[in-house]
Amino acid sequence: MRSLSTLQIALGASFAVHAVLLTVRFVDPEGFNRVFEDTPLEVILVNAKTNEKPDKAARAIAQTSLAGGGDALRGHATSPLPPSALTTIGDSAEDAQKKIDAMQEQQMLMLAQIKKMLAALPPPDPKQPTSNPEAQARENKRRQLLKMLAEIERRINEENARPKKRYISPSTREEVYAIYYDTLRRKIEQQGTRHFPEVAGRKLYGELTMVVTVNFDGKVLDTEVAQTSGSLALDRRAVTIARTAGPFGRFSDAMRRKADQIVVVSRFKFTRDETLETKLTEQ
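All of the points below concern the structure found in this document. (Residues numbered from 1 in each chain as written. Predicted model: local features only at pLDDT ≥ 70, side-chain atom pairs only at ≥ 80, totals over all residues. Heavy atoms only, no water.)

1. Quick notes on the pairing of strand β6 (residues 261-270)
- With eight of its 10 residues buried, β6 lies for the most part within the structure.
- Relative to β6, strand β1 (residues 165-168) is paired through four bridges, and the arrangement is parallel. Note that in β6 the partner of R166 across the bridge is I262.
- Bridge analysis of strand β4 (residues 206-215) against β6 gives 10 bridges, and the strand direction is antiparallel. Residue pairing across strands places M210 opposite S266, the latter belonging to β6.
- Sheet topology note: the β6/strand β7 (residues 276-280) ladder contains five bridges and is antiparallel. (Buried < 20%, exposed > 50% of the residue type's maximum accessible area, 1.4 Å probe, protein only. Helix = DSSP H or I, 4+ residues; strand = E, 2+ residues; numbered from the N terminus. Pairing = 2+ DSSP bridges.)

Given below as structure tokens:
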């Protein structure tokens, strides 16, 4: 083939460029903007802070005085994310105690029913031969009922042997607990202010959450740092302050009828004013 001329090469290049340009689609800018107008972003708004308390305070985690949120008619909206490892204290622990009480009541009903079934069985007749199928069936049923009876009684005794705990939270409304907690709070704050934590002459400031368990005689049974301040020295000093602030006085008769121990979940704040402030929290 003879070589192509310069004019033929230029015409071929021009044809190729025009072919590529014809494949490009140009979009109207206004039509492009309408795409965003027709498909707006979905924004979910949460109620602003109000004075109305939520029905179930323990469910309003990370919210402040919100009566609803999400689909308010159906309660708080659930997150699509997997549940995180939260330590449920506060009202959640109270709900758990209510479930335990309901289970114990159910066990008592089962216990009464089994005793009634045992009483309805005819006593074993030593004169009947042991090979009698009916007698064998009754005896097997009697043994099964006695085994169930012993197991339920064992569980009830174990539950009764455990101390009854009452968890004090911001939603606790009983006056007897409120008065006792106020005395407890004041003693801990006075102890923390009087012996403000310091290391090598340097004051320690910060916040932490502590769980304090108090026995019916007012003695501090246990202290646990649920959320650290970030300073091990401050956490240790806070534990010492809570323990040495006791005893807090014996439970009243009204408290004693409902609980052997109380568990207080409180926020400890060591301020720049060199005072300790405590505040009840749900977790």
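Back to the write-up after that little detour.
2. Remarks on the nonpolar core
- Ranked by internal contacts, the top residues of the largest apolar core, which has 29 residues, are I262, F268 and F270.
- Where this core is concerned, the elements lending two or more residues are α5 (175-194), β4, α6 (232-245), β6 and β7.
- The leading source of residues in this core is α6, at six residues.
- Excluding its chain neighbours within four sequence positions, the residues that come into contact with F268 are I188, G206, E207, L208, M210, A238, A242, L276, E277 and T278.
- Counting eight residues, the second largest nonpolar core, distinct from the first, contains I114, L145, L149 and I156. (Core = buried A, V, L, I, M, F, W, Y, C linked by side-chain atoms within 4.5 Å. Contact = heavy atoms within 4.5 Å.)

3. Some remarks on the packing of α5 against α6
- Direction vectors running N to C along α5 and α6 enclose 125°, while the axes themselves pass 9 Å from each other. With respect to α6, the axis of α5 lies oblique. The handedness of the crossing between α5 and α6 is right-handed. On α6, the residues that touch K187, I188, Q191 and G192 of α5 are I241, T244 and A245. (Axes fitted to C-alpha atoms, helices over the stretch in contact; angles between N-to-C directions. Parallel < 35°, antiparallel > 145°, perpendicular 65-115°, else oblique. Left-handed = near helix turned anticlockwise from the far one by under 90°.)

4. Considering the pairing of β7
- Residues of β7 alternate between two faces, with L276, T278 and L280 buried on one and E277 and K279 left unburied on the opposite face.
- Connecting β6 to the next strand, β7, in antiparallel fashion are five residues, including E274 with a positive phi near 60°.

5. Comments concerning the side chain of T213
- Among the secondary structure elements, T213 is positioned in strand β4.
- The class for T213 is buried, based on a relative accessible area of 8%.
- With near-sequence residues (within four places) excluded, T213 lies in contact with K219, V220, L221, D222, Q261, I262 and V263.

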